[in-house]
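Next come the chains, spelled out residue by residue.
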Amino acid sequence: MIQIKHVISIMLMFTILLGGSMGWTASLPVVGGILPDLSPGFSLPKPKDGVVIIEIFSMYCPYCQKEAPNVNKLYDKIQANPNLKSKIRLVGIGVGNSPYEVDVFRKKYSINFPLYSDGDFVIHKKLGEPRTPYFIGVKINTDGSHRIFYSKLGEFGDADAFLAEMVRLSGIK
Amino acid sequence: MKKRGSSKFIISCCAVIMALAIATAAWAISDAYKENIYNPGALKPIDSKLKVKMGQKALDFTLPAVGGGKIALSQYRGKKNVVLSFVPAAWTPVCSDQWPGYNIVRDMFEANEAILLGITVDNIPTLFSWTNQMGKLWFPVLSDFYPHGKVAQQYGILRTDGVAERAIFIIDKKGVIRYIDVHDINQRPSLEVLITELEKLK
């Protein structure tokens, strides 16, 4: 009986350790919910009473390549709007992409917004392993807390329409 | 007795969880393929015995290309360095997100006077459908389908289940093999390493 207890203890410990190291796959981000802690790879920017738009991409993904000019347009439109410029942050996370590969993508498409590398799929797993591209809209509240207001797979296509949707769904003024 | 039964249950659960965790392979699938990617799960990393080595003249071959016609390795002799990128199979996770990355770095290959030849053991119609999802590829995709996996077999990278390894061979303009990476089939090779190896040929 003592031996069985030992076996159970060792297996439980190993399972817990293994689970932690492998990073159990979570579910996809849910509208109304919050993002999991994505550190140390990524820290959520906190524009006060603002919005963070996160693109989950891969330089190896044909649709992300095709969508890159549209995402650039979105960024340019945000930057060109004095009201939205300080309120909306756009970032990209390259899942399964090394810093070198993220840099290749950045240079290839002349991307001016911040891109992060998730070379070991740690963030990808925490976000429920979405296919790419995947867009997440996060509203940052005045007290620093946040809420997901958009979570969707696939290209958004029209930058104007998508930006209007982000403003409407997040409720920013 | 009841206690022993629950102990066995806990042990079984732990074993299943551990097996699942160990079997986890990481990849990100592009939405370009929708729900059409077959997930074979985690596979034995390498399942073949290499028959060629660095410094040796590369074995010549001629294979049909998806774009039509046939391509021989020897046609690049004296003209271009050649990167052979064998991938295991169409419509599988890691393979589907490997060549599209190479597709946006044509300039890096050309800067190193290199052509890329993508090869699988799939037939032409399958490769046609699959590579169409990747956008227009700038490099030839070759079918090592019949006699099945003959080239992969000659290079010693045909796995026991009949698919090729995920392998990269760099062959210089003289036809000499300068780099070999028979990679863990579950993981994508590093682009940085590939480009660094190409730059060494200068």
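Everything in this summary refers to the structure shown in the same document.

So, how was this worked out
- Residues numbered from 1 in each chain as written.
- Chains lettered and ligands numbered in written order.
- Predicted model: local features only at pLDDT ≥ 70, side-chain atom pairs only at ≥ 80, totals over all residues.
- Helix = DSSP H or I, 4+ residues; strand = E, 2+ residues; numbered from the N terminus.
- Buried ≥ 20, exposed ≤ 12 C-beta atoms within 10 Å, placed from the backbone.
- Contact = placed C-beta atoms within 7 Å.
- Expected span 1.5 Å × (residues − 1).
- Arc of directions from axis to C-beta.
- Pairing = 2+ DSSP bridges.
- Bend = angle between axes of the 7 residues up to and from the residue.
- Right-handed = clockwise from strand over helix to strand, strands pointing away.

1. Some words on the overall build of chain B
Thinking step 1. The helix and strand inventory of chain B stands at seven helices and seven strands.
Thinking step 2. Of the regular secondary structure in chain B, the N- to C-terminal order runs α-β-β-β-α-α-α-β-α-β-α-β-β-α.
Thinking step 3. Within the span of chain B, comprising 202 residues, buried residues form 39% of the whole.
Thinking step 4. Within chain B, contacts between residues at least 6 apart in sequence are counted, and of these 70% link residues at least 24 apart.

2. Quick look at the overall build of chain A
Thinking step 1. Each helix and strand counted, chain A has six helices and five strands in total.
Thinking step 2. Reading the secondary structure of chain A in the N-to-C direction produces α-β-α-α-β-α-β-α-β-β-α.
Thinking step 3. Evaluated residue by residue, chain A yields a buried proportion of 34% over its 173 residues.
Thinking step 4. Counting only contacts in chain A whose residues sit at least 6 apart along the sequence, the fraction spanning at least 24 positions is 70%.

3. Considering helix H6 (residues 159-170) of chain A
Residue and element names in this part refer to chain A.
Thinking step 1. Relative to the 16 Å expected for 12 residues at 1.5 Å per residue, H6 spans 16 Å between its end C-alpha atoms, a close match to the ideal helical length.
Thinking step 2. Taken together, the buried positions of H6 are Phe162, Leu163, Met166 and Ser170. End-on view of H6: buried residues confined to an arc of 100°, all on one side of the axis. Exposed positions of H6 whose direction lies more than 90 degrees from the buried face are Asp160, Ala161, Ala164 and Arg168.
Thinking step 3. Those residues of H6 that are buried lie in contact with strand S1 (51-57), helix H2 (62-80), strand S4 (134-140) and strand S5 (146-153).

4. Re the pairing of S5(A)
All names here are of chain A.
Thinking step 1. Of the strand pairs in this sheet, S4 and S5 are connected by seven bridges, and their pairing is antiparallel. Bridged to phenylalanine 135 within S5 is lysine 152.
Thinking step 2. Counting the residues in the hairpin turn of S4 and S5 gives five residues, including glycine 144, whose phi is positive at 95°.

5. Some thoughts on H2(A)
Thinking step 1. In this model H2(A) runs 28 Å from its N-terminal to its C-terminal C-alpha over 19 residues, within 8% of the 27 Å that 1.5 Å per residue would give.
Thinking step 2. Its maximal kink placed at A:Ala68, H2(A) deviates by approximately 40°, while the proline A:Pro69 follows within four residues.
Thinking step 3. The elements touched by buried residues of H2(A) are S1, helix H3 (82-85), strand S2 (88-95) and H6 of chain A together with helix H3 (99-103) of chain B.

6. Side note on the pairing of S2(A)
All names here are of chain A.
Thinking step 1. Most of S2 is tucked away: seven of the eight residues are buried.
Thinking step 2. Bridge analysis of S1 against S2 gives seven bridges, and the strand direction is parallel. Each residue of the ladder has a partner; that of phenylalanine 57, found in S2, is glycine 94.
Thinking step 3. When S2 meets strand S3 (residues 115-118), the two strands line up parallel, connected through four bridges. Pairing of isoleucine 93 across the sheet is with tyrosine 116, part of S3.
Thinking step 4. As a crossover connection, the stretch from S2 through helix H4 (residues 99-108) into S3 is right-handed.

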